[in-house]
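# Structural overview
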Amino acid sequence: MNILKLFIFSLFFISLSTQAVERSSAFIIKAYGDHFKVLAPSQFVGIKSITKARQVAVIIENKTLSKLYGKIESSSGDQKVFVNTKPGQIPSTVEIKFQTNQRYFFYPLSPSSQEVELKIGQKAYEIPAKR
């Protein structure tokens with residue numbers, strides 16, 4: 001009986017920790033075969049934490065069947081970070097120095113696709129395949 005209580009108690013804390021990840025100031029980019037899904041920090045949480053830390057984590061999950069190569073770049077081109085994610089592996093995590101007067105993009109290089117803009121203030125959005 002104690003083992004059952006411990007199991008339920010641990011599930012409760014695991015569920016709390018997964019909710020905390022979705023409310024953090026991280027961008028989560030999920031690459032599928034034909035589109036991308038982006039979970040962005042909300043405007044309130046994102047701006048509040050960005051003004052303090054100035055660091056934003058970008059997590060890239062590869063849901064395709066091939067390796068994903070890409071880069072994260074600012075609109076001025078002064079920040080470039082290259083990423084390499086294997087399918088089904090632990091997601092790649094990079095940090096960028098966020099500046100409020102810049103726009104940031106994820107450019108998938110291989111397999112190539114259209115750019116993914118990282119927008120603060122939109123909780124979740126999709127980038128369809130370029131036709």
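Above: the structure in question.
The present account deals with the structure reproduced in this document. (Residues numbered from 1 in each chain as written. Predicted model: local features only at pLDDT ≥ 70, side-chain atom pairs only at ≥ 80, totals over all residues. Heavy atoms only, no water.)

## A closer look at the pattern of salt bridges
Counted according to the given criterion, the structure contains three salt bridges. Of the charged contacts, one joins Lys 63 and Glu 61 as a salt bridge, the two residues approaching to 3.6 Å between their closest N and O atoms. Assessed through its relative accessible area of 45%, Lys 63 is described here as partly exposed. We note a salt bridge from Glu 73 to Lys 71, for which the minimum N-O separation is 3.1 Å. With respect to class, Glu 73 is no different from Lys 71; both count as buried. (Salt bridge = Lys/Arg side-chain N within 4 Å of Asp/Glu carboxyl O. Buried < 20%, exposed > 50% of the residue type's maximum accessible area, 1.4 Å probe, protein only.)

## Overview of the packing of aromatic side chains
In total, this model carries three aromatic pairs according to the counting rule given. On the numbers, 6.1 Å between centres and 70° between planes, the contact of Phe 36 with Phe 106 is edge-to-face. Of this pair, Phe 36 sits in strand S2 (residues 36-39) while Phe 106 sits in strand S7 (residues 104-110), placing them 70 residues apart in sequence. With respect to burial, Phe 36 and Phe 106 carry one shared label: buried. Considering the side-chain rings of Phe 105 and Tyr 107, the 5.9 Å spacing of their centres and the 35° angle between planes classify their relative orientation as tilted. Between the NZ or CZ atom of Lys 71 and the centre of the ring of Tyr 107, over which it lies, the distance is 5.7 Å. (Phe/Tyr/Trp six-rings, centres within 6.5 Å; stacked < 30°, edge-to-face > 60°. Helix = DSSP H or I, 4+ residues; strand = E, 2+ residues; numbered from the N terminus. Lys NZ or Arg CZ within 6 Å of the ring centre and 35° of its normal.)

## Some details on unusual backbone geometry
The amide bond that connects Ser 110 to the next residue, Pro 111, takes the cis arrangement and shows omega of -10°. Structurally, Pro 111 can be placed in the loop between S7 and strand S8 (116-118).

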